[in-house]
Amino acid sequence: KASTPPLKKIQDGGAKIVLVDTVVDDTSIGVSRIATDNNLGGQKAAEALATLGLKSGDKVLVISTDPGISSVDARVAGFGTKAAELGLVLVSDTQYSHNQAATAAQVISAALAKDPDLKGVFATNLFTVQGVATGVKQAGKSGAVKVVGFDAGPDQIKQLEAGDVQALVAQKPYDIGFQGVQQALNALGGKEVTGNIQTESIVVTKDNMNDPEVAKYIYKSGC
């Protein structure tokens, strides 16, 4: 919401705006919007918990960054929809880390104290899953409480290898960036522009992370 007025001013001045990864509520802004299908990604996170052994009636928790961010809100919504279909029970409303790993660790520690029979956690972004994994490990429940994160950065992969995280929903940032440039060029060159592009995601586990078709989507720390 806060980004809308300045972006509208820029757009009204004749500039072409391409929104990449996270979008604004005002659908009149942006010649193209390119982002992961975050709702579907959230659904995949719930399915991953089921694949990891959670069953109907098991308690789960969602820890996100902050409310009002379109990308993570969609992940939360998708997770909630699929969790309900699978019979997983959310122990509370979504908790928030404010994008701080230390806060996420505190949140999960408090949640485990309140609900010691918690079976799974969905952490909606990179720093949140870092903190959640740390908190679960400090509680001595690594593996007993299944942790599914979003994003697959170097630190998340280390936690996956160590068994502190059991699955990661990896986006395809190369595809997002490539399309961002392509649609901007199309707009500037008077060519056809695709208004909405939703890219896919893939679930990464310790078992499949070395598969070349999966490994290529693990995020790199440098080019």
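Please refer to the structure higher up on the page.
The rules behind these values
- Just so you know, the residues in each chain are numbered from 1, in the order the chain's sequence is written.
- Under the rules for a predicted model, residues below a pLDDT of 70 receive no local features and side-chain atom pairs below 80 are neither given nor counted, while totals for whole chains, interfaces and linings still include all residues.
- Side-chain descriptors were evaluated using all non-hydrogen atoms of the structure, hydrogens and water having been removed beforehand.
- Secondary structure is summarised from DSSP: a helix means a run of H or I of at least four residues, a strand means a run of E of at least two, and numbering begins at the N terminus for each.
- Radius of gyration here is computed from C-alpha atoms only, and the compact-globule reference equals 2.2 Å multiplied by the residue count raised to the power 0.38.
- A 1.4 Å probe rolled over the protein chains alone gives each residue an accessible area, and that area as a share of the maximum for its type sets the label: buried under 20%, exposed over 50%, partly exposed in between.
- Between any two strands, at least two bridges found by DSSP are needed for them to pair.
- Any Lys or Arg side-chain nitrogen located within 4 Å of an Asp or Glu carboxyl oxygen qualifies as a salt bridge.
- Classification of ring pairs rests on two measures: the distance between centres of Phe, Tyr or Trp rings, Trp counted by its six-membered ring, which must be within 6.5 Å, and the angle between planes, read as stacked under 30 degrees, edge-to-face over 60 and tilted in between.
- When the NZ atom of lysine or the CZ atom of arginine is within 6 Å of a ring's centre and also within 35 degrees of its normal, the charge is said to sit over that ring.
- The convention used is that axes are lines fitted to C-alpha atoms, helices contributing only their stretch in contact, and that angles between N-to-C directions extend from 0 to 180 degrees.
- Nine residue types can take part in a nonpolar core, namely buried Ala, Val, Leu, Ile, Met, Phe, Trp, Tyr and Cys, and a core is a set of them joined through side-chain atoms within 4.5 Å.
- Whether two residues are in contact is decided by their heavy atoms, any of which lying within 4.5 Å being enough.
- Expected helix span is taken as 1.5 Å per residue step, with the number of steps being one fewer than the number of residues.

Q: Looking at this structure, I do not really get the overall build of the protein chain. What am I missing?
A: Counting its regular elements, the protein chain contains eight helices and 10 strands. In terms of C-alpha radius of gyration, the protein chain reaches 18 Å, essentially the compact-globule figure of 17 Å for 223 residues. Dimensions along the principal axes, computed over C-alpha positions, put the protein chain at roughly 55 × 35 × 30 Å. Classification of the 223 residues of the protein chain by burial places 42% in the buried group.

Q: Could you clarify how one ought to interpret the pairing of strand β6 (residues 118-123) in this entry?
A: β6 sits mainly inside the fold: five of its six residues count as buried. Note: strand β3 (residues 59-64) against β6, five bridges, orientation parallel. By the bridge assignment, V62 is partnered in β6 with F122. Sheet topology places β6 next to strand β7 (residues 146-150); four bridges connect them, and they run parallel. Residue pairing across strands places A123 opposite G149, the latter belonging to β7.

Q: Explain the pattern of salt bridges here, please?
A: Pairs can form between side chains of opposite charge once their charged atoms are near each other. This structure, assessed with the given rule, holds 10 salt bridges. Across the pair K114 and D115 runs a salt bridge, and its minimum N-O distance is 3.4 Å. A relative accessible area of 10% places D115 in the buried class. Beyond isolated ion pairs, a larger network of salt bridges with shared partners links K59, K114, D115 and D117.

Q: Looking at this model, I keep getting lost on the packing of aromatic side chains. Mind explaining?
A: The way to describe two aromatic rings as a pair is by their centre distance and the angle between their planes. Enumeration according to the criterion identifies three aromatic pairs in this entry. Taking the centre distance of 5.0 Å and the plane angle of 20° together, the rings of F79 and F122 count as stacked. Note that F79 is positioned in helix α3 (residues 70-86) and F122 in strand β6, a separation of 43 residues in sequence. For the residue pair F79 and F122, the accessibility class agrees, reading buried in each case. One cation-aromatic arrangement involves R75 over F150; the distance from NZ or CZ to the ring centre is 3.9 Å.

Q: How should I be thinking about unusual backbone geometry in this particular structure?
A: In most cases, non-glycine residues show a negative phi, while peptide bonds are predominantly trans. Phi is positive for N99, close to 65°, though the residue is something other than glycine. The exposure class assigned to N99 is partly exposed, which follows from its relative accessible area of 32%. The backbone of D151 shows a phi angle near 95°, a positive value even though the residue is not glycine. By secondary structure assignment, the location of D151 is in the loop between β7 and α6 (154-162). Residue classification places D151 among the buried positions, given a relative accessible area of 10%.

Q: Looking at this structure, how should I read the sheet that holds strand β1 (residues 18-20)?
A: The strands making up a sheet are joined through hydrogen bonds of the backbone, oriented either antiparallel or parallel. On the basis of which strands lie adjacent, the open sheet formed by three strands has the order β1-β2-β9 and parallel pairing. Because the sheet does not close on itself, it has two edges, and the strands there are β1 and β9 (196-199). Averaged over all neighbouring strand pairs, the angle between strand axes comes to 10°, with direction disregarded. Strand direction decides the pairing type here: strand β2 (residues 32-36) and β9, joined by four bridges, are parallel.

Q: Hey, could you run me through the nonpolar core in this one?
A: Across soluble globular proteins, nonpolar side chains have a tendency to be buried as a group. Grouped together as the largest cluster of nonpolar side chains are 27 residues, with contacts concentrated most on I108, V132 and V204. Contributing elements (two or more residues each) for this core: β3, α4 (101-114), β6, α5 (126-138), α6 and β8 (167-170). Here this core takes five residues from α4, the largest share from any one element. Beyond its immediate chain neighbours, meaning those up to four positions away, I108 contacts L61, I63, L118, V121, G131, V132, G135 and V136. Grouped together as the second largest cluster of nonpolar side chains are 16 residues, V62, A83, F150 and V169 included.

Q: How should helix α2 (residues 38-51) be read in this particular structure?
A: Since there are 3.6 residues in each turn of an α-helix, residues three or four apart along the chain are aligned in direction. Here α2 contains 14 residues, and its C-alpha end-to-end distance of 20 Å stays within 8% of the 20 Å for a straight helix at 1.5 Å per residue. Taken as a whole, α2 has its buried residues at N38, G41, G42, K44, A45, A46, A48 and L49.

Q: Which parts of the structure should I look at to understand the environment of D211?
A: Its location among the elements puts D211 in the loop between β10 (202-204) and α8 (212-215). Taking the relative accessible area as the measure of exposure, D211 reaches 36% and is therefore partly exposed. C-alpha separation for the pair D211 and V31, spaced 180 residues apart in sequence, amounts to 36 Å.

Remember, this is a structural readout, not a statement about activity or role.
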